[in-house]
Amino acid sequence: MAASGTDETLLARALGATPSSDALSEQILDAAREQFMTFGLRRSTVDDVAKRAKVSRVTVYRRIGNKDSLVSACLLREYRRFVSDVDEAVAALPTMEDRLVAGFVTVLRHIREHPLVGGLLKLEPEIMLPFLTLESGPAFLAMRGYLADRLRHAQRAEGRPETDPTPVAELMVRITVSFLLNPVSSFELDDDEQVAAFARRYLVPLLSAG
């Protein structure tokens, strides 16, 4: 089964392919990013973002939406930047397995160190949870769609049987999100070598299950 139209739309948005982005929307998202980084999600309102962006509250609603929409839009924009870093990190690697391991290492490190996403995960994990799980939609589906697309491309490039990679992609995203939301674990994932060893032992075998 191919990715749904919803997945493809979200993936395109995350990769910056939608034409709806403009200077004013970016200005509002820049302000939201700074507001959330400075005060967190719980203490921030649409009015705060509007003041920081020097626009009216109505403009924020018309361009982006309510507070949940602001958070989702910010996360998707940061995710688009993650995608670029992950693609760069894995581009020269020869096999799907190697790219999976390097991508997992890059994502965990980048998000944990990220001043917005990593900071909010540490300070307000219970508020971030809905934005990073399937129930919330955009961020989760964009991550799953991106990974499924890359796995599908690798299948074709390496002459593997073309099975639906979506279930495998979802398992990998859920595992990644769980470690980001709750890093306390019996697995030692404190450095890149440990993360790579974990990915090679536990995530790479999932590729054969697709």
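Everything quoted here is computed from the prediction, not taken from an experiment.

S.K.: Could you clarify how one ought to interpret empty space enclosed by the protein in this entry?
M.R.: It is a probe the size of a water molecule, rolled over the atoms, that shows where empty space is left. In this structure the tally under the stated criterion is one cavity of 30 Å³ or more. The calculated volume of the largest cavity comes to roughly 130 Å³. Looking at the largest cavity, the residues that line it are Leu75, Tyr79, Phe82, Ile111, Val117, Leu121, Leu132, Ala139, Met143, Val177 and Leu180. Counting only elements with at least two residues in the lining of the largest cavity, the list comes to helix H5 (67-90), helix H7 (117-123), helix H9 (138-157) and helix H10 (166-181). The element best represented in the lining of the largest cavity is H5, accounting for three residues. Partitioning the lining of the largest cavity into residue classes produces 11 nonpolar, no polar and no charged.

S.K.: Honestly, the packing of aromatic side chains in this entry has me stumped. Any pointers?
M.R.: Aromatic ring pairs are defined here through the distance separating the ring centres and the angle between the ring planes. One pass over the full model with this rule turns up four aromatic pairs. Both rings, one in Phe104 and one in Phe198, keep their centres 5.9 Å apart while their planes meet at 25°; by these two values the pair is stacked. Here the residue Phe104 occupies a position in helix H6 (residues 96-113), and Phe198 occupies one in helix H11 (residues 192-203), the gap between them amounting to 94 residues. Measuring from centroid to centroid gives 5.1 Å for Phe198 and Tyr202, while their planes differ by 40°, and the two rings are tilted. Of the two residues, Phe198 and Tyr202 both sit in helix H11, four residues apart, roughly one turn of that helix. The exposure class of Tyr202 is partly exposed, given its relative accessible area of 37%. Taken together, Phe104, Phe179, Phe198 and Tyr202 form an aromatic cluster joined through their ring pairs.

S.K.: I'm lost on the nonpolar core in this one. Help?
M.R.: Core analysis: the biggest nonpolar cluster contains 64 residues, and Ile28, Phe36, Leu70, Phe104, Leu121, Met128 and Leu132 have the highest contact counts within it. At the level of secondary structure, the elements contributing two or more residues to this core comprise helix H2 (23-39), helix H3 (46-53), H5, H6, H7, H9, H10 and H11. The contact partners of Ile28, leaving out residues within four places of it in the chain, are Val49, Ala53, Val55, Thr59, Val60, Arg63, Ile64 and Leu70.

S.K.: Can you walk me through H11 in this structure?
M.R.: Residue pairs spaced three or four apart in an α-helix point in one direction, given the helix's 3.6 residues per turn. Every buried residue belonging to H11 is among Val195, Phe198, Ala199 and Leu203, and all of these are buried. On an axial view of H11, the arc spanned by its buried residues comes to 100°, and they lie on one face. Those residues of H11 that are exposed and aimed more than 90 degrees away from the buried face are Glu193 and Arg201. Buried-residue contacts for H11 involve H6 and H10. N-cap assignment for H11: the residue whose side-chain oxygen lies 3.1 Å from the backbone N of Glu193 is Asp191.

Conventions used here
Residues numbered from 1 in each chain as written. Predicted model: local features only at pLDDT ≥ 70, side-chain atom pairs only at ≥ 80, totals over all residues. Heavy atoms only, no water. 1 Å grid on protein atoms, 1.4 Å probe; cavity = no way out; pocket = protein on both sides within 12 Å on 5 of 7 lines; lining within 4 Å. Points joined across faces, edges and corners; volume = space filled by probe spheres on them. Helix = DSSP H or I, 4+ residues; strand = E, 2+ residues; numbered from the N terminus. Nonpolar A, V, L, I, M, F, W, Y, C, P; charged D, E, K, R; others polar. Phe/Tyr/Trp six-rings, centres within 6.5 Å; stacked < 30°, edge-to-face > 60°. Buried < 20%, exposed > 50% of the residue type's maximum accessible area, 1.4 Å probe, protein only. Core = buried A, V, L, I, M, F, W, Y, C linked by side-chain atoms within 4.5 Å. Contact = heavy atoms within 4.5 Å. Arc of directions from axis to C-beta. Polar contact = N/O pair within 3.5 Å; in protein donor to acceptor, adjacent residues only side chain to side chain.

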